[in-house]
Amino acid sequence: MNHYDRRKFLAGVAGAGIAGLTLPRVAFATTERDQRFVFVILRGALDGLAAVPPVGDPNYVKIRGTLAVPAVGEGAVLPLDGTFGLHPSLNFLHESFDRKELVVLHAVATSYRQRSHFDAQDVLESGHVRPQSSATGWLNRAMTELPAGRAEMGVALGAAVPLVMRGAAPVASWAPTRLPAVDDDLLQRIGDLYANEPTLSRRLADALSADQIAKESKGDRAEGEMSQRGGAYAQLKETVVAAGGFLRQADGPRIAVFDTTGWDTHANEGGAQGQLAVRLRALDGALQSLRVSLGETWDKTVVVVATEFGRTVAVNGTRGTDHGTGAAAFVLGGAVRGGRIITDWPGLTPEALFEGRDLRPTTDLRSVFKTVLRDHLQVPQRHIDREVFPEAHSVPFLADLVAG
């Protein structure tokens, strides 16, 4: 950790005061197969028909109008097959598809069928069929069955630990520091103050270790790029690079969760260019940065990118889309059997739409989560059925989603 980063970190410690000090304890261990999992939540409801346009559906252009991404020409989709393509901002994902490291899922959803962001995110993260049914998350419940005798198996990156990571299994947390620097004299004084306090000294050392992993993983080049771009993109990139830094450590965590916001495109959404295109480009770049940061660890990593629900098929009066149902999701990584699309495509005819307005969901997102837990992280199926997704016995697993 360089002196600048240490000063910023310890300035926060000093500002919090000893009584209010809450630092993450970071003492990680490995799973038997040493696999990694990253869950990325897109909060606000990603427009799946924009991210993965069904350009081969004869009703797509007609119903999407000015928001339709063209099949050919300027701003055309990045083709996947005869029906689907990726938004032109998703170059890294397209390359991943060609490398057979990406599976695209379409017409997916949780069991939730209303249109409240808060309730939909609760269902996405709790794993239950009704909102506010549980104070714990499906991923935390899954972690309780991972190999015993270890500390925090997972890390939540962001300002707060999301519901999906809350529960009996201990998890660490990390967030980018935005605090002013302090001088070396104050750093030394704080270190001396904690020298004779075993508990505080240990927690400070653990927290500094976590911060060092995250900060050193960025490198000078990454930090320079982020400062030039600034804003939300910079913070997202810092988060994903830190995630890679944690997960590639031999004694680090094996599961990471982070989220991004701003996907609620009610107005001026744009098509090949515009507001949503900028956000998709940032997400694509962040996922590429995650791959780079993971290095060789990418080969044993699965990343799931999902949102709480989709958006309406038709354009609204403010050139955007409203809360919908069916969405798109992505599963990528070196441990993914990719290069394919998983969907039971319902079509976009008026009679095919859910409640006459939304893409009808035909695949349950819990199929994705259950499969990754069982086939990638080796969580026993009995635990998945009894504790992780107790109301999803009839939800099938997906064949050949990840490498065995």
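Visitor: Break down the overall build of the protein chain for me, with residues and values.
Guide: If you tally the helices and strands in the protein chain, you get 12 helices and 11 strands. Put simply, of all contacts in the protein chain between residues at least 6 apart along the chain, 74% involve residues at least 24 apart. Only carbon and sulfur atoms are counted for the fraction: they give 49% of the accessible area of the protein chain, which is about 16400 Å².

Visitor: Could you give an account of the packing of aromatic side chains, naming the residues involved and the relevant values?
Guide: Under the criterion given, the structure shown has seven aromatic pairs. Where Phe 369 meets Phe 389, the ring centres are 6.4 Å apart and the plane angle is 15 degrees; that geometry is what we call stacked. Of the two residues, Phe 369 sits in helix α11 (residues 365–376) while Phe 389 sits in the segment after α12 (381–388), which places them 20 residues apart along the sequence. Look at Phe 369 and you get buried, because its relative accessible area is 3%. Ring pairing ties together the aromatic residues Phe 39, Trp 138, Phe 369 and Phe 389, which thus form one cluster. Stacked on the ring of Phe 397, the Lys or Arg Lys 370 has its end atom at 4.7 Å from the ring centre.

Visitor: So, the confidence of the model for the protein chain: which residues are in play, and what are the values?
Guide: Per-residue pLDDT for the protein chain has a mean of 84; in total, 77% of the residues score no lower than 70. In the model, residues 1–31 has pLDDT below 50 throughout and makes 80 contacts with residues more than four positions away in sequence or in other chains. In the predicted structure, residues 179–185 sits below a pLDDT of 50 and forms 15 contacts with residues beyond four places in sequence or in another chain.

Visitor: Go over the nonpolar core, please, and point to the residues and values.
Guide: By size, the foremost hydrophobic cluster in this structure holds 44 residues, and its most contacted members are Val 52, Leu 86, Leu 93, Leu 157, Val 303, Phe 330 and Leu 332. Not counting residues within four places of it along the chain, the set of residues in contact with Val 303 comprises Val 38, Val 40, Leu 287, Leu 290, Trp 298, Phe 330, Val 331 and Leu 332. One finds Val 108, Ala 142, Phe 389 and Leu 398 within the second-largest nonpolar core, a separate group that totals 42 residues.

Visitor: How would you sum up the pattern of salt bridges? Please name residues and give values.
Guide: One side chain can pair with another of opposite charge once the charged atoms of both are near each other. According to the stated counting rule, one finds 16 salt bridges in the structure shown. Arg 291 is the partner of Glu 101 in a salt bridge, and the nearest nitrogen-oxygen pair spans 3.6 Å. Residue Glu 101 is located in the loop between α4 (91–98) and β4 (102–109), and its partner Arg 291 is located in helix α10 (residues 275–294); the two are separated by 190 residues in the primary sequence. Among the residues examined, Arg 291 registers a relative accessible area of 29% and is labelled partly exposed. The closest approach of N and O atoms between Asp 375 and Arg 374, which form a salt bridge, is 2.7 Å. For Arg 374, a relative accessible area of 27% puts it in the partly exposed group. Overlapping salt bridges, with partners in common, bring together Asp 34, Arg 36, Arg 254 and Lys 300 in one network.

Visitor: Give me the lowdown on helix α5 (residues 117–126), citing residues and values where you can.
Guide: α5 sits mainly inside the fold: nine of its 10 residues count as buried. Of all the positions in α5, only His 117, Asp 119, Ala 120, Gln 121, Asp 122, Val 123, Leu 124, Glu 125 and Ser 126 are classed as buried. Once α5 finishes, Gly 127 follows within two positions and takes phi at roughly 85 degrees, a positive value.

Visitor: So what's going on with α4? Which residues, and what values?
Guide: Taken together, the buried positions of α4 are occupied by Phe 92, Leu 93, His 94, Ser 96 and Phe 97. The elements touched by buried residues of α4 are β2 (78–79), β3 (85–86), β4, α10, β9 (327–332) and β10 (340–342). The first or second residue beyond α4 is Lys 100, which carries a positive phi of 65 degrees.

Visitor: Could you give an account of the pairing of strand β8 (residues 301–307), with specific residues and numbers?
Guide: β8 sits mainly inside the fold: seven of its seven residues count as buried. Residue alternation in β8 divides its side chains into two sets, Thr 301, Val 303, Val 305 and Thr 307 and Val 302, Val 304 and Ala 306, and both sets are buried. Where strand β1 (residues 36–42) and β8 come together, seven bridges link them in parallel fashion. Looking at the pairing, Arg 36 lines up with Thr 301 of β8. Alignment of β8 against β9, held across three bridges, turns out to be antiparallel. Across the sheet, residue Val 305 finds its bridge partner in β9, namely Phe 330.

Visitor: Lay out the side chain of Arg 141 in plain terms, naming residues and giving numbers.
Guide: With respect to the secondary-structure elements, Arg 141 resides in helix α6 (residues 138–143). For Arg 141, the side chain forms a polar contact with the main-chain oxygen of Ser 126, separated by 2.6 Å. Non-local contacts of Arg 141, meaning those with residues more than four positions away in its chain, are made with Ser 126, Gly 127, His 128, Ser 134, Thr 136, His 383, Glu 387 and Val 388.

Visitor: Describe unusual backbone geometry, and please don't skip the residues or the numbers.
Guide: Although it is not a glycine, Lys 100 sits at a positive phi angle of roughly 65 degrees. Relative to the assigned elements, Lys 100 resides in the loop between α4 and β4. The phi torsion at Ala 107 lies on the positive side, around 60 degrees, for a residue other than glycine. Of note, Ala 107 is situated in strand β4. Given a relative accessible area of 0%, Ala 107 falls into the buried group.

Calculation criteria
Residues numbered from 1 in each chain as written. Predicted model: local features only at pLDDT ≥ 70, side-chain atom pairs only at ≥ 80, totals over all residues. Heavy atoms only, no water. Helix = DSSP H or I, 4+ residues; strand = E, 2+ residues; numbered from the N terminus. Contact = heavy atoms within 4.5 Å. Areas by Shrake-Rupley, 256 points an atom, 1.4 Å probe, with all protein chains shown as cover. Phe/Tyr/Trp six-rings, centres within 6.5 Å; stacked < 30°, edge-to-face > 60°. Buried < 20%, exposed > 50% of the residue type's maximum accessible area, 1.4 Å probe, protein only. Lys NZ or Arg CZ within 6 Å of the ring centre and 35° of its normal. pLDDT = per-residue confidence, 0-100. Core = buried A, V, L, I, M, F, W, Y, C linked by side-chain atoms within 4.5 Å. Salt bridge = Lys/Arg side-chain N within 4 Å of Asp/Glu carboxyl O. Pairing = 2+ DSSP bridges. Polar contact = N/O pair within 3.5 Å; in protein donor to acceptor, adjacent residues only side chain to side chain.

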